[in-house]
Amino acid sequence: MQPVRVRFAPSPTGALHIGGVRTALYNYLLAKKTNGTMILRIEDTDQTRFVPGAEAYIIKSLAWVGIKIDEGVGQGGPHAPYRQSERKLLYKQYAQKLIDEGNAYYAFDTEEELEAMRNRLKATGSSHQQYSATTRMMMDNSLTLSESEVQQKLKAGYPYVIRLKVPESEEISLSDLIRGEVNVHSSQIDDKVLMKSDGMPTYHLANVVDDYLMRITHVIRGEEWLPSAPLHVLLYRFLGWEKQMPQFAHLPLLLKPDGNGKLSKRDADKAGFPLFPLNWVDPTTNELSKGFCESGYLPDALINFLAFLGWNPGTEKEIFSLSELIDAFTVERIGKAGARFDILKAQWFNQQYIKAKSNTDLAAFLLTSLPQGITCSAEKAAKICGVLKERVTFTHDFATQARFFFEAPTEYDQHVTSKKWNDDAIRVLTAYKQTLSSIKELTAEMAKTTLEDVTTSLGISTGKILQALRVSITGAGSGPDLMLSMEIMGSEEVVSRIDRALSTLKKV
Ligand code: GLU
């Protein structure tokens, strides 16, 4: 068996969409599963769509989610360069070979002539207005001009493109690892441009040439490229590379959260969730697109979520580390049906990954986002995170939810005080704070037994005053484990907060 070589081949036309990250992930999983090679190729032949910063963004995003590149841009390798604009000269000879063997031709048509052709065909009611087997003999190209006319035009520097000469009537079939046998009639394919007038190849030519030269064994890419695949099959055949043609796997579409239609940035913006791995500021409009990273997602949670958008392990197990995904992954278990982009599921994965992290690791999220002027030891931050982690969805939630540890409440939730702040509560809290003030090193266990001793001696049920205690300490009616929170604050702080609540709330 040939060693697996896969490539992720984005175009640097903007931020890397999350669907692109999924494509990269599936390529990576197959490469790692088979001890193969993961290649990053930058397809930047369309200079009109080139966006500065996009390539660096792609590389940074892949690194953030933990997808390591073995060969490619930023890494080098035996097939360098891996940026298509730097391989420009190489493509020319293959286009020439196609011309020499009658499988491609020069086309000199101007924009106006092309437009006129489309209008003419429209006027005759033709549904087919493409440059193809049915129209090419009416156009200005090396099929209709004499050899000497062509040479003259070329010498005179007339702008031209090179087009593929698609067979007139033939069934083109390919086998896709996900979709099975795909058949397309050649009349459905137009004579695609292979080389543009600026001397750059188009995506189709550069993609096929590079996949061949880079010895790619599997092309795993989004479903939107499926219509191009028959054309690529023709190119492999015309270039004599049919035997080396990679296996194709076209991934299912990502659908809107409600499953109706293709996921779009508009939907994401409207619902307020990110669609890009990292924040991206568009260099021309300055518009900010939010990233999963900056929105408080952990990279391994995002990867786990993305892995399940189109693939499943065939078991009930849902939590998979990257190395477990590598073990479990097979292309055969990728489905055809569109995958619903359920952001709530992404949040669920994030919660699971946050919960599974050690308190010491989580402390960093708190320490880096504490409000100015607040200091906290790493040890205390870890304890706070330990108390909060069951209740947190995003990494920034730690800082928000930890606020009460650093700031005594100035207001008390009225829903709670109106129901729970009564004589019994006042009696218990008065006695409780007195007992607590004699304790130096308060533990959660001590806080609990002391409270029970006080309520028992006063003949009041602990359950009835617990919310009053919580509101006096945190200002809120609900929150993390109260006894553990009190241990973290220390008895002095707890006593002072109860004191303050007793004097503030008594007046209400
Ligand atoms: N450059 C194409 C893209 O931007 C790559 C498609 C392919 O993988 O063949 O998605």
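Here goes a summary of the coordinates provided. In this numbering scheme, every chain counts its residues from 1 along its sequence in written order. Where totals are concerned, whole chains, interfaces and linings use all residues; where local detail is concerned, this predicted model gives features only for residues with pLDDT of at least 70, and gives and counts side-chain atom pairs only at 80 or more. No hydrogens and no water enter the side-chain calculation; it runs on all heavy atoms of the structure.

### Some thoughts on the overall build of the chain
Here is step 1: Helix and strand counts for the chain stand at 21 helices and 14 strands.
Here is step 2: Its C-alpha atoms give the chain a radius of gyration of 32 Å, clearly above 23 Å, the size a compact globule of 508 residues would have.
Here is step 3: If you line up the chain on its principal axes, its C-alpha atoms span 110 × 50 × 35 Å.
Here is step 4: For every residue, the accessible area obtained with a 1.4 Å probe (protein chains only) is divided by the maximum for its type, and the residue is called buried under 20%, exposed over 50%, and partly exposed between those limits. When burial is assessed residue by residue, the chain has 49% of its 508 residues classed as buried.
Here is step 5: For the chain, the proportion of contacts with a sequence separation of at least 24, taken over those separated by at least 6, is 72%. Counting from the N terminus, the helices are the DSSP runs of H or I reaching at least four residues and the strands are the DSSP runs of E reaching at least two. Throughout, radius of gyration means the C-alpha value; the globule benchmark is 2.2 Å times the number of residues raised to the power 0.38. By definition in these notes, contact holds between two residues if any of their heavy atoms fall within 4.5 Å.

### Some remarks on the layout of surface pockets
To find leftover empty space, a probe the size of one water molecule is rolled over the atoms.
Here is step 1: Residues are said to line a cavity or pocket when one of their atoms sits within 4 Å of a point; the points come from a 1 Å grid over protein atoms alone, cavities being sets where a 1.4 Å probe fits but cannot get out and pockets being open sets with protein on both sides within 12 Å along at least five of seven lines. Grid points are joined across faces, edges and corners, and a volume is the space filled by probe spheres set on the points. Taken as a whole, the largest pocket holds about 1300 Å³ of empty space.
Here is step 2: Of the residues forming the lining of the largest pocket, the biggest block, four residues, is contributed by helix 1 (residues 18-33).

### Looking at the packing of aromatic side chains
Here is step 1: Two rings from Phe, Tyr or Trp (for Trp, the six-membered ring) form a pair when their centres sit within 6.5 Å of each other. Planes less than 30 degrees apart are called stacked, planes more than 60 degrees apart edge-to-face, and all others tilted. Tallied over the full model, the rule gives 21 aromatic pairs.
Here is step 2: Here the aromatic rings of phenylalanine 305 and phenylalanine 341 are separated by 5.2 Å at their centres, their planes lie at 80°, and the arrangement is edge-to-face. With a gap of 36 residues between them, phenylalanine 305 in helix 9 (residues 299-307) and phenylalanine 341 in the loop between strand 14 (339-340) and helix 11 (343-356) connect regions that are remote in the sequence. This pair shows no difference in class: phenylalanine 305 is buried, exactly as phenylalanine 341 is.
Here is step 3: Geometrically, the ring pair formed by tryptophan 311 and phenylalanine 329 is tilted, given 6.0 Å between the ring centres and 35° between the ring planes. On the criterion of sequence distance, the pair formed by tryptophan 311 in the loop between helix 9 and helix 10 (322-328) and phenylalanine 329 in the loop between helix 10 and strand 14 is long-range, its members being 18 residues apart. You'll find tryptophan 311 and phenylalanine 329 in the same group, each marked buried.
Here is step 4: Ring pairs connect the aromatic residues Tyr26, Phe273, Phe305, Phe308, Trp311, Phe320, Phe329, Phe341, Trp348 and Phe349, which therefore count as one cluster.

### What about the pattern of salt bridges?
Here is step 1: By salt bridge we mean one thing: a side-chain nitrogen of Lys or Arg within 4 Å of a carboxyl oxygen of Asp or Glu. Taken as a whole and assessed by the stated rule, the structure comprises 30 salt bridges.
Here is step 2: Residue aspartate 211 pairs with arginine 7 through a salt bridge whose shortest N-O separation is 2.9 Å. With aspartate 211 in helix 6 (residues 203-213) and arginine 7 in strand 1 (residues 5-8), this residue pair connects regions lying 204 residues apart in the sequence.
Here is step 3: Assessed through its relative accessible area of 3%, arginine 7 is described here as buried.

### Description of helix 11
Here is step 1: Helix span, as expected, comes to 1.5 Å for every residue beyond the first. If you check helix 11, its first and last C-alpha atoms are 20 Å apart, about what 14 residues at 1.5 Å a residue would give, namely 20 Å.
Here is step 2: Of the residues making up helix 11, those classed as buried are Ile343, Ala346, Phe349, Asn350, Tyr353 and Ile354. What you see down the axis of helix 11 is that its buried residues fit within an arc of 135°, all on one side. Exposed residues on helix 11 whose side chains face more than 90 degrees from its buried face are Leu344 and Ala356.
Here is step 3: Polar contact is defined as a pair of N or O atoms within 3.5 Å, subject to the rule that within protein one atom must be able to donate a hydrogen and the other to accept it, and that residues adjacent in sequence are counted only when both atoms are side-chain atoms. One side-chain oxygen of the residue at the start of helix 11 lies 3.1 Å from the amide nitrogen of leucine 344, identifying that residue as aspartate 342. The directions considered for the arc are those from the helix axis to the C-beta atoms.

### Points about the site of the ligand
Here is step 1: In the vicinity of the ligand, the contacting residues are Arg7, Ala9, Pro10, Ser11, Glu43, Tyr203, Asn207, Arg221 and Trp225.
Here is step 2: Asparagine 207 places a side-chain nitrogen or oxygen 3.0 Å from an oxygen atom of the ligand.
Here is step 3: Relative to its unbound accessible area of 300 Å², the ligand is 84% covered by the protein chains. Here a residue is near a molecule or strand as soon as one of its heavy atoms is found within 4 Å of it. The accessible surface values rely on the Shrake-Rupley method and a 1.4 Å probe; as for residues, cover is taken only from the protein chains in view.

### Some details on the sheet that holds strand 4 (residues 104-107)
Here is step 1: Taken in spatial order, the three strands make up an open sheet running 4-5-8, and their pairing is antiparallel. Each edge of the sheet is formed by a strand with only one pairing partner; in this case those strands are strand 4 and strand 8 (193-195). Each neighbouring strand pair of the sheet contributes to a mean axis angle of 40°, computed without reference to strand direction. At least two bridges found by DSSP between two strands is the condition for calling them paired. Note on definitions: angles span 0 to 180 degrees between N-to-C directions of axes, and those axes are lines fitted to C-alpha atoms, for helices only across the stretch in contact.

### A closer look at the side chain of threonine 393
Here is step 1: Counting through the fold element by element, threonine 393 comes out in the loop between helix 13 (378-388) and helix 14 (397-401).
Here is step 2: Excluding its chain neighbours within four sequence positions, the residues that come into contact with threonine 393 are Gly296, Gln347, Asn350, Gln351 and Ile354.

### Brief notes about unusual backbone geometry
Here is step 1: Cis rather than trans, the peptide bond between alanine 80 and proline 81 has omega equal to -5°.
Here is step 2: With respect to the helices and strands, the residue proline 81 is situated in the loop between strand 3 (71-72) and helix 3 (88-100).
Here is step 3: You will see that asparagine 286, though not glycine, has its phi angle at about 65°, which is positive.
Here is step 4: Relative to the helices and strands, asparagine 286 resides in the loop between strand 12 (280-281) and strand 13 (288-289).

### Some details on the packing of helix 6 against helix 7 (residues 229-238)
Here is step 1: Interaxial distance between helix 6 and helix 7 falls to 10 Å at its minimum, and their mutual angle equals 55°. For the element pair helix 6 / helix 7, the angle class is oblique. Considering the relative orientation of helix 6 and helix 7, their crossing is right-handed. Between helix 6 and helix 7, the residues in contact are Tyr203, His204, Leu205, Asn207, Val208, Asp211 and Tyr212 and Leu231, His232, Leu235 and Tyr236, respectively.
Here is step 2: Any residue outside Ala, Val, Leu, Ile, Met, Phe, Trp, Tyr, Cys, Pro, Asp, Glu, Lys and Arg is labelled polar, Gly included; the first ten of those are nonpolar and the last four are charged. A breakdown of the residues in the contact of helix 6 with helix 7 according to their chemical character gives seven nonpolar, three polar and one charged. Working definition: roughly parallel below 35 degrees, roughly antiparallel above 145 degrees, roughly perpendicular at 65 to 115 degrees, and oblique for all remaining angles. Note: crossing handedness is left-handed where the near helix turns anticlockwise from the far helix by less than a right angle, and right-handed where it turns clockwise.

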